[in-house]
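Coordinates in review
What follows is each chain in one-letter form.
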Amino acid sequence: MNEHAAVRLRQAIRRIEEATRDRTATGCRPEDADDLTGTFATDGALGFDPIPFLRALHEAGSHAMVIGQVAGIMHGSAELTGDLDLLWDGTPAQARALRDALAAAGCTDLPDLDRAQVGYQVTGAAGDLCTPALSWCDFDVTDCLARAQGADDSSGFTIRYASLDDLIRMRRAIGRPKDHRRADELDRLHARTQHADGARSRAPRPGLGTVQRGGPASFSRATSPRFPSNC
């Protein structure tokens with residue numbers, strides 16, 4: 001589990017609150033966001049706090065996975081947002097869990113979960129609920145759910161969110177200007193992480209050396225994981 005991802009999300013929520021404190025509502029909803037700026041410029045950013053809904057998902061036993069810019073923030077993206085998008089498997093059992101979480105988080109108009117993509121509104125957040133039946137161009141997102149990462153929040157629940165590799169692929173597949181910009185940022189974060197991991201793997205660790213006669217201890221060097229070329 002990665003507690004740092006949950007800390008990043010809470011820090012971003014505070015930044016959103018500070019940045020929108022003096023902003024007045026304009027009637028622009030998250031679904032009205034343009035393809036360049038994103039939902040942070042909409043009314044969705046006003047009072048944005050997805051934590052109660054994410055907790056409700058955990059408590060309801062939902063396996064829904066955070067995607068979109070909230071997942072990007074959890075991986076270290078600096079861009080803010082005004083919506084929370086989720087990917088779930090579309091099964092009846094998970095539909096029940098999702099409905100329970102929506103109701104617990106203040107949803108008064110439960111969405112039609114038979115649809116591949118449907119909007120929702122809860123206290124503190126709004127966004128889209130998506131299933132793998134939704135077209136993602138040439139990217140099959142079905143297996144992304146099994147690769148979800150987990151972030152332990154300090155208040156005692158876990159947030160499931162898309163892996164960095166999968167999130168980059170999703171961004172590239174959707175292909176709007178903001179998606180390519182954010183994918184580029186995630187690529188840089190990815191490269192930085194690989195570089196840091198490589199440096200740690202090359203650092204000598206006590207007790208792991210094999211002393212060679214007449215020479216210093218030798219250490220095996222871990223190889224970096226291989227990733228698809230578009231990541």
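Residues numbered from 1 in each chain as written. Predicted model: local features only at pLDDT ≥ 70, side-chain atom pairs only at ≥ 80, totals over all residues. Heavy atoms only, no water.

Moving on, we come to the packing of helix 2 (residues 51-60) against helix 4 (residues 92-104). Relative placement of two packed helices is described by the angle separating their axes and the distance separating the axes. For the pair helix 2 and helix 4, interaxial distance at closest approach is 8 Å and the crossing angle is 140 degrees. The angle between helix 2 and helix 4 falls in the class oblique. The way helix 2 lies across helix 4 gives a crossing that is right-handed. Two secondary-structure elements touch here, helix 2 through Phe-53, Ala-56, Leu-57 and Ala-60 and helix 4 through Ala-97, Leu-98, Asp-100, Ala-101, Leu-102 and Ala-104. When grouped by side-chain class, the residues that make up the contact of helix 2 with helix 4 number nine nonpolar, no polar and one charged. (Axes fitted to C-alpha atoms, helices over the stretch in contact; angles between N-to-C directions. Helix = DSSP H or I, 4+ residues; strand = E, 2+ residues; numbered from the N terminus. Parallel < 35°, antiparallel > 145°, perpendicular 65-115°, else oblique. Left-handed = near helix turned anticlockwise from the far one by under 90°. Contact = heavy atoms within 4.5 Å. Nonpolar A, V, L, I, M, F, W, Y, C, P; charged D, E, K, R; others polar.)

Once that is clear, we can look at the nonpolar core. For soluble globular proteins, the rule of thumb is that nonpolar side chains tend to be buried together. The biggest cluster of nonpolar side chains holds 56 residues, and the ones touching the most others in it are Phe-53, Leu-54, Val-66, Leu-84, Leu-87, Leu-129 and Met-170. Top contributing element to this core by residue count: helix 1 (residues 3-19), with six residues. Excluding its chain neighbours within four sequence positions, the residues that come into contact with Leu-54 are Leu-9, Val-66, Leu-84, Phe-157 and Ile-159. (Core = buried A, V, L, I, M, F, W, Y, C linked by side-chain atoms within 4.5 Å. Buried < 20%, exposed > 50% of the residue type's maximum accessible area, 1.4 Å probe, protein only.)

A few words on the pairing of strand 5 (residues 149-152). The sheet contact formed by strand 5 and strand 6 (residues 158-161) spans four bridges and is antiparallel. Considered in strand 6, the bridge of Asp-152 is made with Thr-158. Linking strand 5 back to strand 6 in an antiparallel pair, the connection comprises five residues, with Gly-156 at a positive phi of about 105 degrees. (Pairing = 2+ DSSP bridges.)

On the secondary structure map, Gln-69 appears in helix 3 (residues 68-74). With relative accessibility at 5%, the residue Gln-69 sits in the buried group. Looking at Gln-69, its side chain comes within polar contact range of the main-chain oxygen of Glu-79, at 2.9 Å. Once you skip the residues sitting within four places of it in the chain, Gln-69 turns out to touch Ser-77, Glu-79, Leu-80, Thr-81, Arg-171 and Arg-182. (Polar contact = N/O pair within 3.5 Å; in protein donor to acceptor, adjacent residues only side chain to side chain.)

Looking now at the pattern of salt bridges. Scanning the model with the defined rule gives twelve salt bridges in all. The partner of Arg-10 in a salt bridge is Asp-153, and the shortest N-O contact between them spans 2.8 Å. One end of the pair, Arg-10, is in helix 1; the other, Asp-153, is in the loop between strand 5 and strand 6, and 143 residues separate them in sequence. Note on Arg-10: relative accessible area 29%, which makes it partly exposed. What makes Asp-153 buried here is its relative accessible area of 6%. Overlapping salt bridges, with partners in common, bring together Arg-29, Glu-31 and Asp-32 in one network. (Salt bridge = Lys/Arg side-chain N within 4 Å of Asp/Glu carboxyl O.)

In this section: the layout of surface pockets. Looking at the largest pocket, its volume works out to about 800 Å³. Forming the boundary of the largest pocket are 41 residues, of which Asp-83, Asp-85, Gln-117, Asp-128 and Arg-176 lie nearest the centre. Counting only elements with at least two residues in the lining of the largest pocket, the list comes to helix 3, strand 3 (117-122), strand 4 (125-130), helix 5 (164-174) and helix 6 (177-202). Taken together, the residues of the lining of the largest pocket sort by class into 16 nonpolar, 13 polar and twelve charged. (1 Å grid on protein atoms, 1.4 Å probe; cavity = no way out; pocket = protein on both sides within 12 Å on 5 of 7 lines; lining within 4 Å. Points joined across faces, edges and corners; volume = space filled by probe spheres on them.)

In this structure, Cys-137 takes a positive phi of about 60 degrees despite not being glycine. Locating Cys-137 in the fold gives a position in the loop between strand 4 and strand 5.

A word on the packing of aromatic side chains. Per the stated rule, a full pass over the model turns up one aromatic pair. Taking the centre distance of 5.3 Å and the plane angle of 45 degrees together, the rings of Phe-53 and Tyr-120 count as tilted. In this pair, Phe-53 sits in helix 2 while Tyr-120 sits in strand 3, placing the two residues 67 residues apart along the sequence. Phe-53 sits in the buried class, given a relative accessible area of 0%. For Tyr-120, a relative accessible area of 5% corresponds to the buried category. Note that Arg-23 overlies the ring of Phe-40, its terminal NZ or CZ placed 5.0 Å from the centroid. (Phe/Tyr/Trp six-rings, centres within 6.5 Å; stacked < 30°, edge-to-face > 60°. Lys NZ or Arg CZ within 6 Å of the ring centre and 35° of its normal.)

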